[in-house]
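A look at the structure
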Amino acid sequence: MLRLHSELGRQFGGVGSALVHMARRPELLCGALAAICTVITLRFALSRAKDVVRMAPPPVRFFSRNSSVIDLYMGQLDQVERHCHISEVSVILFYAPWCGESISVREEIDQVAEKLQEQVLFLAVNCWWHQGKCRKQMNLFYYPVIHLYQRRFGPIEYRGPLTAAYIHKFIQRVMTPLRYVSTHSVLLDFLSHYEPGVLGYFEFNHSPQPPGYLTLYISALHALKRDHQGTIRFGVITSKQVAEEISVTDPGTIYMHRHFNSSLVFPHEVITFTAVNVYSWAYENRETFIHWLRPHGSKSLLLNNELKKGPALLLFFPFSPLAEKQPLMEKITEVILQYRNCNNSKTIQRVLQYLEENEQKNRDVQSTRPLFRTRKPCCNTVILSQLHSIAQTHNICELCINQTIGIQPSVVHIARCSFVEMETALDSFYLREQSFFQLQSRTVECSDFLSYYSPFNYYTACCRTFSSPINSEQINVIASLELFSNADHHQGMFSDNSFPHIEDTATRFLDLNHGHVNITGLSCNTNKTLNFYLLDSNLHWRFATRLGASECAQVQEFATIVDLWDEVHYVFDHEQVLDKSSIESIIKNYSRVYSPLSRHLIVGTKSKAQEEYLIAEATTQTFDSIVLDGEKNVLLLYYTQWCGFCTVLNHIFIQVARLFHADDGILIARINVAKNDLPWEYMVDRFPTILFFPKNRKDWSVKYPEDLPLTVPNLVRFILWHTPQLVQQNPFKCCNPECIQKAAELQKDRISQLESEIKRLHAEMQMLHQAEKQLIYQLSVSRQEEHQLKLHNRALQEKNENLKHHNEKLKDLYQQRNIELAETAAKLSEIATVSKQLLNENILLKTYMSSIEEELEINKHTSTSLPIEESELPTTHSENAEVQSPN
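Note that the structure is predicted; figures quoted are calculated from it, not measured.

On inspection of all chains with the given rule, the structure shows two disulfides. At a sulfur-sulfur separation of 1.5 Å, the disulfide partner of Cys127 is Cys134. Assigned by exposure class, Cys127 and Cys134 land together as buried. Each sulfur in the disulfide pair Cys342 and Cys524 lies 1.7 Å from the other. Taking the torsion about the sulfur-sulfur bond, which here is approximately 80°, the covalent link between Cys342 and Cys524 counts as right-handed. Here Cys342 is found in the loop between helix 13 (327-340) and helix 14 (346-361), whereas its partner Cys524 is found in the loop between helix 17 (506-514) and strand 17 (531-536), with 182 residues between them in sequence. Cys342 sits in the partly exposed class, given a relative accessible area of 30%.

In this section: the confidence of the model for the protein. On average, the protein scores 77 in pLDDT, and the residues at 70 or more come to 70%. Below a pLDDT of 50 lies the segment residues 403-416, which in the model reaches 34 contacts outside its immediate sequence neighbourhood of four places, other chains included. Here residues 873-887 is modelled with pLDDT under 50, and outside its nearest four sequence neighbours on either side it reaches five contacts, counting other chains as well.

Right, let's get into the side chain of Glu287. Within the fold, Glu287 resides in the loop between helix 11 (275-284) and strand 11 (291-292). As a buried residue without a salt bridge, Glu287 has its nearest oppositely charged side chain in Arg258, at a separation of 5.2 Å. A distance of 3.1 Å separates the side chain of Glu287 from the backbone nitrogen of Phe260, its partner in a polar contact. Excluding anything up to four places from it in sequence, Glu287 contacts Pro196, Met256, Arg258, His259, Phe260 and Asn261.

Once that is clear, we can look at helix 19 (residues 580-591). With twelve residues, helix 19 should cover 16 Å at 1.5 Å per step; its first-to-last C-alpha distance of 17 Å lies within 8% of that length. Most of helix 19 sits out of view: twelve of its twelve residues are buried. Along helix 19, the positions that sit buried rather than exposed are Lys580, Ser581, Ser582, Ile583, Glu584, Ser585, Ile586, Ile587, Lys588, Asn589, Tyr590 and Ser591. Along its buried surface, helix 19 packs onto strand 12 (312-317), helix 13, helix 14, strand 17, strand 18 (558-563) and strand 19 (568-571).

This model, assessed by the stated rule, comprises 13 salt bridges. Between Glu306 and Lys309 there is a salt bridge, with the nearest N and O atoms lying 3.1 Å from each other. Relative accessible area serves as the criterion here: at 15%, Glu306 is assigned to the buried category. As a salt-bridge pair, Glu706 and Arg686 come within 3.0 Å of each other at their nearest N and O atoms. Here Arg686 lies in the loop between strand 22 (666-672) and strand 23 (689-693) and Glu706 lies in the loop between strand 24 (702-703) and helix 23 (712-721), a separation of 20 residues in the sequence. Residue Glu706 is classed as exposed on the basis of its relative accessible area of 51%. A relative accessible area of 44% places Arg686 in the partly exposed class. Shared partners join several salt bridges into a network, and the residues in it are Arg686, Lys703 and Glu706.

Turning next to the pairing of strand 17. Counted residue by residue, strand 17 has six buried out of six residues, so it is predominantly covered. One ladder, built from six bridges, connects strand 12 with strand 17; its direction is parallel. Residue pairing in the sheet places Ala312 in a bridge with Asn531 of strand 17.

A few words on the pairing of strand 3 (residues 120-126). Among the seven residues that make up strand 3, seven are buried, leaving the element largely enclosed by the rest of the structure. On strand 3, burial covers both faces: Val120, Phe122, Ala124 and Asn126 on one face and Leu121, Leu123 and Val125 on the other are all buried. Across three bridges, strand 1 (residues 70-72) lies against strand 3 in parallel orientation. Within strand 3, the residue paired with Asp71 across the bridge is Ala124. Judged from the seven bridges that link them, strand 2 (residues 89-95) and strand 3 form a sheet pairing that is parallel. Looking at strand 3, one finds that Ile92 is bridged to Leu123. Tracing the backbone out of strand 2, into helix 5 (residues 100-116) and back to the parallel element strand 3 gives a crossover that is right-handed.

To describe a pair of aromatic rings, one takes the distance between the centres and the angle between the planes. Under the criterion given, the structure shown has 23 aromatic pairs. Relative to Phe718, the ring of Tyr704 lies with its centre 5.2 Å away and its plane at 75°, an arrangement referred to as edge-to-face. Remark: Phe718 occurs in helix 23 and Tyr704 occurs in the loop between strand 24 and helix 23; sequence separation between them is 14 residues. Taken individually, Tyr704 and Phe718 each receive the classification buried, so the pair is uniform in this respect. Grouped by ring-pair contacts, the aromatic residues Phe202, Phe204, Tyr213 and Tyr217 constitute a single cluster. Positioned over the ring face of Tyr283 is Arg226, at 4.1 Å from the centre of the ring. Over the ring of Phe190 we find Arg233; its NZ or CZ atom is 4.1 Å from the centre of that ring.

This part is about the packing of helix 9 (residues 213-226) against helix 11. Contact geometry of helix 9 with helix 11 gives a least axis separation of 8 Å together with a crossing angle of 55°. Of the possible angle classes, the one that applies to helix 9 and helix 11 is oblique. Where helix 9 crosses over helix 11, the two elements pack in a sense that is right-handed. Here Thr215, Leu216, Ile218, Ser219, His222, Ala223 and Arg226 of helix 9 come into contact with helix 11, specifically with Ala275, Val276, Val278, Tyr279 and Tyr283. Partitioning the contact of helix 9 with helix 11 into residue classes produces eight nonpolar, three polar and one charged.

A separate point is the sheet that holds strand 10 (residues 264-265). Here five strands make up an open sheet; going across it, the order is 6-8-7-9-10 and the pairing mixed. Two strands lie at the open edges of the sheet, namely strand 6 (178-181) and strand 10, each paired on one side alone. Inspection of the sheet shows strand 7 (residues 197-201) paired to strand 9 (residues 254-257) by four bridges, in the antiparallel sense. Residue Gly200 lies in a different strand from strand 9, and its bridge partner there is Ile254. Against the sheet, helix 8 (residues 184-191) contacts strand 6, strand 7, strand 8 (233-237) and strand 9, and its axis sits at roughly 140° relative to strand 6.

So, how was this worked out
- Residues numbered from 1 in each chain as written.
- Predicted model: local features only at pLDDT ≥ 70, side-chain atom pairs only at ≥ 80, totals over all residues.
- Heavy atoms only, no water.
- Disulfide = S-S within 2.5 Å.
- Buried < 20%, exposed > 50% of the residue type's maximum accessible area, 1.4 Å probe, protein only.
- Helix = DSSP H or I, 4+ residues; strand = E, 2+ residues; numbered from the N terminus.
- pLDDT = per-residue confidence, 0-100.
- Contact = heavy atoms within 4.5 Å.
- Lys, Arg positive; Asp, Glu negative; His and termini not counted.
- Salt bridge = Lys/Arg side-chain N within 4 Å of Asp/Glu carboxyl O.
- Polar contact = N/O pair within 3.5 Å; in protein donor to acceptor, adjacent residues only side chain to side chain.
- Expected span 1.5 Å × (residues − 1).
- Pairing = 2+ DSSP bridges.
- Right-handed = clockwise from strand over helix to strand, strands pointing away.
- Phe/Tyr/Trp six-rings, centres within 6.5 Å; stacked < 30°, edge-to-face > 60°.
- Lys NZ or Arg CZ within 6 Å of the ring centre and 35° of its normal.
- Axes fitted to C-alpha atoms, helices over the stretch in contact; angles between N-to-C directions.
- Parallel < 35°, antiparallel > 145°, perpendicular 65-115°, else oblique.
- Left-handed = near helix turned anticlockwise from the far one by under 90°.
- Nonpolar A, V, L, I, M, F, W, Y, C, P; charged D, E, K, R; others polar.

This is the structure:
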């Protein structure tokens, strides 16, 4: 606090004198005080800016303490390897605590860990904690990430659906990547699977394992690492007798089974026998005729890329990955094998026979499944006309709609059908007249035949003969409808020799009569070959609803054929069960030259527009009642929500609708083609498109000219020109004055509307003229600015040229200075060498001079001591003289 006071005193000490001056003027003093308070607040806030950002709290447990998953919530990546040595199979979940998918998969991992905790080690690592080693060492771009390790092999990343069943199944595949085939039945079960299979034959007489077995084992793990769906299965044959059934005799042989092409044997002499090479060889030569589609939920082109390959049959049904038996999958596999068996392969026949035997075993369970679920039966008793030859043998028939095979209809307590439905039933019934044969029986027999208004509706016919008077005891069953051959009777209610409705052309009858459609090899006998795709309705039912499935379906089973080339798709009837016979029937009906399948139309919801009463919003369901109304002239706009030009036309259509709002004979409508499908005769190829449907002459529809500008006057003229009764009708040809007066009032109203519209158009024209003047002024200003910019650009260009010239001069000067500096440096180097020599000579001179000075001092010292020595030692004088004499 003292520091704050001193700081304030230092900052505002110089303001004291100013405050004394401001005290005489209170208005200035208040402003100054407010400014001082603001500065103090800002200063105090900025001084505490470092305390605003707080450290992230330490992470907490992601899994509970009672969970079977070891939670390394601090990101201890170094402990993962230590834990992985405990178990042969380890599952590691890398998660982020804030990630929604990580939170949702936590419960799924818990369920799997609880079941497999004794066999598999489950670890969870927090890879988001910034201080953990996982965040620092692993660069993960998405969460969660699941890695599996099988002993030392890994990581195997799991990229499938994040549900407990699929994760559990994938872990089981990693635990046992090879299936051991020891008996004939196991071999047939392995070969009958829809996924491609690779078998290796090894004799387990060696210890601990035969040569090549480990290579195949690791190859199976490589397959799971590359493809999480496990489309290639691996197995091991342990019996010589079983191996001989597929013509394999040599141990160590790798055999790849294919249904429609020749099976292959791994070429040891050409390719090195390694795990990667075995898997690559199997992946390149695999044969798939059924594809699982598992969209991951985000933006993807998976479905689009597959549908571009050709017509596709999409089958949605609940799939349980952990189920030991998949009866519906076996039926689908059987149908597709028959559909693609063009050469009557013995291998496929053997597989089909095995599948039929399995189906026979499960038939008692499947027989309890109802054929129709929701729609109630509708029956009616019909007395046949004597004009038909069939009436000579029997005169009363009971026709029922959507009856299950084997259930005999009753005359009592059955809902009556409409006249149209029964008329349709009679048409189809009479067409099969030649198929009746006489049969005397005491029992009532009922047979079924196809309805051609809907390819999934069926009729049941029960015919009896009554004598006159009618006596219930004198009943002879004269005929029954023979729809199925002895070979194809098990296919249910779908008939191969089906007939269209009586209103269809005779050529179609002949074509279908003589063309018996058989499912075997049908893919090679038609140019509409189907690709087959499977989707789990438990995960991807939203795709089925967008393709036409019911959102409130009790059983999520659905089938649809999508053909992008022809821009059509056909929908399986929601009331039927998805089984072998229904799948065969939709394939047969689609493959016919004149297919009885009806194109599915997407129906949009009716939107409440702002101009609800002016413009009618048509949909697929209301198209006939709105556009094809014979009492009205309809102007229809085809638009889409993504079309920008369509949005521009909205105000024009609203103005035209206002003009013709008082006339009940003209209707302005629009339809969103992106959300509503129409029959081909009513579709257009560009947007926006305007069509006019005249009254009582809908087949004379007219398209608005493309080269004509789309304005209100042009659109009004277009409507009036193609509505002759509005132009040519003379209102004064009425029979009485009241009619003339009403016509005159009507004309006055129209004239007043047109005058008001003309006034409004004049006002708009004036506004447009003003806008034109403003644009002209803005253009002149922009031109002046452009001229100035050009001048400025020229000046800048001249300056640029001057600068370039000056730059060249500076470069030349720079080069000259560099040369001079180089010469100066050379001279300086010479001077330096000379100075060094002089210094050396100077040093020598100094040393020489110092030596001379020392000798001089010595001589001087000897000269001073000479008289004393002569007096004391006279004899030495002569000696010194002798010594000095040479000097």
